[in-house]
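# Observations on the model geometry
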Amino acid sequence: CEAGTITIQEIALYNMQSIYASFPGVAFSFVQGKVDIIQRAFYDALNILGYGEDAPTPAEDVEGPLGLIGKEDFYAGVNNIFEMYEPVPSFVNFLVQSEEHCYANRPEVYTATTKGSLGGRGGASLLDFVGLEPLGGG
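My aim in this report is to walk through the structure given alongside it, one point at a time. Everything numeric here is computed off the predicted structure, so don't read it as measured data.

Position of E108 relative to the elements: it lies in the loop between strand 4 (91–96) and helix 4 (126–131). Sequence-distant contacts of E108, that is, excluding residues within four places in its chain, are made with Y103 and S117.

Attention now goes to the nonpolar core. Judged by nonpolar contacts, L13, M16, F28, Y43, I69, F74, V78, F82, Y85, V88, F91 and L95 together constitute the single largest core of 12 residues. Those elements that place two or more of their residues in this core are helix 1 (8–22), helix 3 (71–84) and strand 4. If we skip the residues at most four places from it in the chain, M16 touches F28, Y85, V88 and F91. Ranked by size, the runner-up nonpolar core spans seven residues in total, among them F94, Y103, V109 and F129.

What follows concerns a nonpolar patch on the surface. On the surface, F42, L46, L49 and Y51 cluster together into a nonpolar patch covering about 490 Å² of accessible area. With respect to the helices and strands, Y51 occurs in the loop between helix 2 (37–48) and strand 2 (62–63).

Here is what the cut-offs are and how they apply
Note that residues are indexed from 1 along each chain, following the sequence as it is written. Predicted model: local features are reported for residues with pLDDT of at least 70 only, side-chain atom pairs are reported and counted for 80 or more only, and whole-chain, interface and lining totals are derived from all residues. For the side-chain quantities, the full set of heavy atoms in the structure was used; hydrogens and water were omitted. Numbering goes from the N terminus for both helices and strands, where a helix is a DSSP run of H or I of at least four residues and a strand is a run of E of at least two. It only takes one pair of heavy atoms within 4.5 Å for two residues to be counted as in contact. Definition used in this section: a nonpolar core is a set of buried Ala, Val, Leu, Ile, Met, Phe, Trp, Tyr and Cys residues joined via side-chain atoms within 4.5 Å. Summary of the burial criterion: residues with accessible area below 20% of their type's maximum are buried, those above 50% are exposed, and those between are partly exposed, where the area comes from a 1.4 Å probe applied to protein chains only. Like charges within 9 Å and nonpolar side chains (Val, Leu, Ile, Met, Phe, Trp, Tyr) within 5 Å are joined into patches, using only residues over 30% in relative accessible area that form no salt bridge. Under the convention used here, a 1.4 Å probe and the Shrake-Rupley method define accessible areas, while residue burial counts only the protein chains that appear. We define a salt bridge as a side-chain nitrogen of Lys or Arg found within 4 Å of a carboxyl oxygen belonging to Asp or Glu.

Structural data, given as structure tokens:
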């Protein structure tokens, strides 16, 4: 931390591992849009302000007038972060094919699937995911 090299993901992983060690029945769950436009804008804002010097800035995968990080680069980064959390047995995630930022406080919580905010054929339901006991009832 004092060296200035720690990341929020490392802090989250440490906390998840510490909590899991004492409370293995606790699930850690992330629900988000695969290409969340708010998170992409936040990423860009930090880079513009000089806080993202170590983060890769996409040269070609840039979209729109704001020059947001592209969807492909963002999604790859999200997957890299979630892969960091895989050592925690109680880690689960639900990614919706969308740019939406939040679901729990919006009507889309009732329609979202992995195929999109308004649902889609064959996609797992967010409501079903939230109702699951991912650790077998712990």
